[in-house]
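Understanding the architecture of this molecule
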Amino acid sequence: MASVTISNVGKSFGAARVMQGVDVSIDDGEFVILVGPSGCGKSTLLRMVAGLETVTSGDIEIDGRRVNDLEPKDRDIAMVFQNYALYPQMTVAQNMGFALEIAGRPKAEIAAEVRKAADILSLTPLLARKPAQLSGGQRQRVAMGRAIVRHPKVFLFDEPLSNLDAKLRVQMRAEIKALHRRLGTTIIYVTHDQIEAMTMADKIVVLNGGRVEQIGAPLDLYDRPANLFVAGFIGSPAMNVLPAAPAGDALLVIDRFRLRRPDAATGTTLRYGIRPEDMLIGGEAAVEGIVEVIEPTGAETHLTLRIDEHVLTMVTKERPAVAAGDRLAVSLAPGRGHLFDAESGIRLAGC
Ligand SMILES: Nc1ncnc2c1ncn2[C@@H]1O[C@H](COP(=O)(O)OP(=O)(O)O)[C@@H](O)[C@H]1O
Ligand SMILES: [Mg+2]
């Protein structure tokens, strides 16, 4: 097990600078997820930690040792890719033991390691099969098994679940989490899926355009997003973001909702953000809107509401007796909103 420190790391491909000044420190045994939209640099950062990509500037340390110039094989890490990269002509057992065989380890030791990993991953009955005879989830487990047998200091995962169907993804999420609990190995895991990040990580790093937007525990990011980017990226359905302006002691949201003005609400370019579940049906100073879409999911109801030219999303545990086209009065739960500066995007206060 090991800590990983990424200090002021930058990356250029030729003239294209794709990463600038990224700082992330990962504790021994921590499960850290890098999340962000496609092209933001997640894979590049992971590949730099693995040694598959050179570091243009800054430093990467594993367990306090600078590894910038170390070969991948000398870094004591194991990477699990999206496409699994299994050898089709080898059995599951051979696939899992291959790295140890290359390393010249004795046959009995390899067999023991493979047996242990197969037991952890429930692969024991499948050891004699070829990859073509396995389901997607089973192949994914073999890919993890191949990493486990090496007892690496750090596991790196690059979107390992994105080729699986939705149900299997949920199951594998739980399996990888259980695996982490059992082995206690440091994990750096890349995904573009914020739900995956929220449900699995000890700590999330939100990347955007080659920069870190915020680092924090899942619910900290949800409850206190540092800026509009994180506010919009974490949470589904996404946070409602509406124009707001101070008016004396009040804060006016879309010129309709009247809230108490936080001290920080001084500028004119303000945005007010509120999560769909923090919009209430009725309530104090409710404002009428028109229901555009109503989606009962059973456990909750999703509503799309139009107020003037603004479209708002609501999620409620209630089952409101409304249909598309009906009027509905709604309010903003006091203290559950966020105030942002529209230009910098930075969160100024709760409100
Ligand atoms: N080998 C490469 N050569 C040139 N540009 C690259 C290379 N690999 C990645 N990039 C660019 O670097 C940026 C980050 O890519 P990547 O790390 O793959 O993003 P992500 O994994 O977040 O989708 C993108 O703009 C991508 O086009
Ligand atoms: Mg990628």
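**Digging into the overall build of the protein chain**
When helices and strands are counted, the protein chain shows 8 helices and 21 strands. When its C-alpha atoms are laid out on the principal axes, the protein chain stretches across 75 × 45 × 35 Å. Counting every position in the protein chain, which comprises 351 residues, the buried fraction comes to 48%. Looking at the protein chain alone, contacts between residues at least 24 apart form 66% of all its contacts between residues at least 6 apart. Within the structure as shown, the protein chain displays about 16400 Å² of accessible surface, and the carbon and sulfur contribution to it stands at 49%.

**Details of the site of ligand 1**
Every residue near ligand 1 is listed here: F13, V18, P37, S38, G39, C40, G41, K42, S43 and T44. With respect to ligand 1, the side chain of S43 contributes an N or O atom lying 2.9 Å from an oxygen atom. Taking T44, its side chain carries an N or O atom lying 2.5 Å from an oxygen atom of ligand 1. Here ligand 1 loses 56% of its free accessible area of 560 Å² to cover by the protein chains. Counting residues per element, the shell around ligand 1 draws most heavily on helix α1 (residues 42–50), which supplies 3 residues. The residue inventory of the shell around ligand 1, partitioned by class, reads 4 nonpolar, 5 polar and 1 charged.

**Remarks on the packing of helix α2 (residues 92–102) against helix α4 (residues 136–148)**
Where α2 contacts α4, the two axes come as close as 7 Å, and the packing angle between them is 30 degrees. Crossing of α2 against α4: the hand is right-handed. Along the contact surface, α2 presents V92, N95 and M96, while α4 presents V142, G145 and R146. Split into classes, the residues belonging to the contact of α2 with α4 amount to 3 nonpolar, 2 polar and 1 charged.

**Some points on the pairing of strand β18 (residues 310–316)**
Of all 7 residues in β18, 5 are buried; the element is thus mostly enclosed. Sheet analysis places strand β17 (residues 301–307) next to β18, joined by 7 bridges and oriented antiparallel. The residue bridging T301 from the neighbouring strand is T316, located in β18. Where β17 folds back on β18, the antiparallel hairpin that results is connected by 2 residues, among which D308 adopts a positive phi of roughly 55 degrees.

**Side note on the sheet that holds β17**
The strand order across the open sheet formed by 5 strands is β15-β19-β16-β17-β18, and the pairing between neighbours is antiparallel. The sheet terminates laterally at β15 (279–281) and β18, the two strands that pair on one side only. Direction aside, the axes of adjacent strands within the sheet are offset by 45 degrees on average.

**Details of the sheet that holds strand β1 (residues 4–13)**
Across the sheet, which stays open at both edges, the 4 strands sit in the order β2-β1-β4-β5 with antiparallel pairing between neighbours. With one partner strand each, in any of the chains shown, β2 (16–26) and β5 (65–66) form the two edges of the open sheet. In this structure, strand β4 (residues 57–62) lies alongside β5, joined through 2 bridges in antiparallel fashion. Following the sheet pairing, I62 is matched in β5 by R65. Packing of α1 onto the sheet brings it into contact with β1, β2 and β4, and relative to β1 it is tilted by some 115 degrees.

**Considering unusual backbone geometry**
Only a minority of non-glycine residues have a phi that is not negative, and only a minority of peptide bonds are not trans. Here the residue pair S236 and P237 is connected by a cis peptide bond, since its omega of -5 degrees sits within 30 degrees of zero. Despite not being glycine, E159 has its phi angle at roughly 45 degrees, a positive value. Mapped onto the secondary structure, E159 falls in the loop between β7 (154–158) and α5 (166–183). By relative accessible area, which is 11% here, E159 ends up buried. Its identity as a non-glycine residue notwithstanding, D255 has a phi of 60 degrees, on the positive side. Note on D255: relative accessible area 65%, which makes it exposed.

**What to know about helix α3 (residues 107–120)**
The periodicity of an α-helix, 3.6 residues per turn, causes residues three or four positions apart to be oriented the same way. With 14 residues, α3 ought to run about 20 Å at 1.5 Å a step, and its terminal C-alpha atoms sit 20 Å apart, in line with that. Check the buried side of α3 and you find it contacts α2 and α4. At the C-terminal side of α3, S122 shows a positive phi close to 55 degrees.

**Considerations on the domain arrangement of the protein chain**
Taken domain by domain, the protein chain comprises domain 1 (4–232) and domain 2 (237–350). Centre-to-centre, using C-alpha coordinates, domain 1 lies 38 Å away from domain 2. With 10 residues of domain 1 in contact, the opposing surface of domain 2 contributes 13 residues. Buried surface at the junction of domain 1 and domain 2, summed over both partners, amounts to about 880 Å²; 55% is from carbon and sulfur atoms. On the domain 1 side of the contact with domain 2, Y222, L228 and A231 bury the most area, a combined 56% of that side's loss. Our count for the contact surface shared by domain 1 and domain 2 stands at 0 salt bridges. Across the domain 1-domain 2 interface, the total number found is 4 residue pairs in polar contact (both at pLDDT 80 or more).

What counts and how
Residues numbered from 1 in each chain as written. Chains lettered and ligands numbered in written order. Predicted model: local features only at pLDDT ≥ 70, side-chain atom pairs only at ≥ 80, totals over all residues. Heavy atoms only, no water. Helix = DSSP H or I, 4+ residues; strand = E, 2+ residues; numbered from the N terminus. Buried < 20%, exposed > 50% of the residue type's maximum accessible area, 1.4 Å probe, protein only. Contact = heavy atoms within 4.5 Å. Areas by Shrake-Rupley, 256 points an atom, 1.4 Å probe, with all protein chains shown as cover. Near = heavy atom within 4 Å. Polar contact = N/O pair within 3.5 Å; in protein donor to acceptor, adjacent residues only side chain to side chain. Nonpolar A, V, L, I, M, F, W, Y, C, P; charged D, E, K, R; others polar. Axes fitted to C-alpha atoms, helices over the stretch in contact; angles between N-to-C directions. Left-handed = near helix turned anticlockwise from the far one by under 90°. Pairing = 2+ DSSP bridges. Expected span 1.5 Å × (residues − 1). Domains from an automatic or database assignment. Buried area = accessible area lost by both parts, 1.4 Å probe. Salt bridge = Lys/Arg side-chain N within 4 Å of Asp/Glu carboxyl O.

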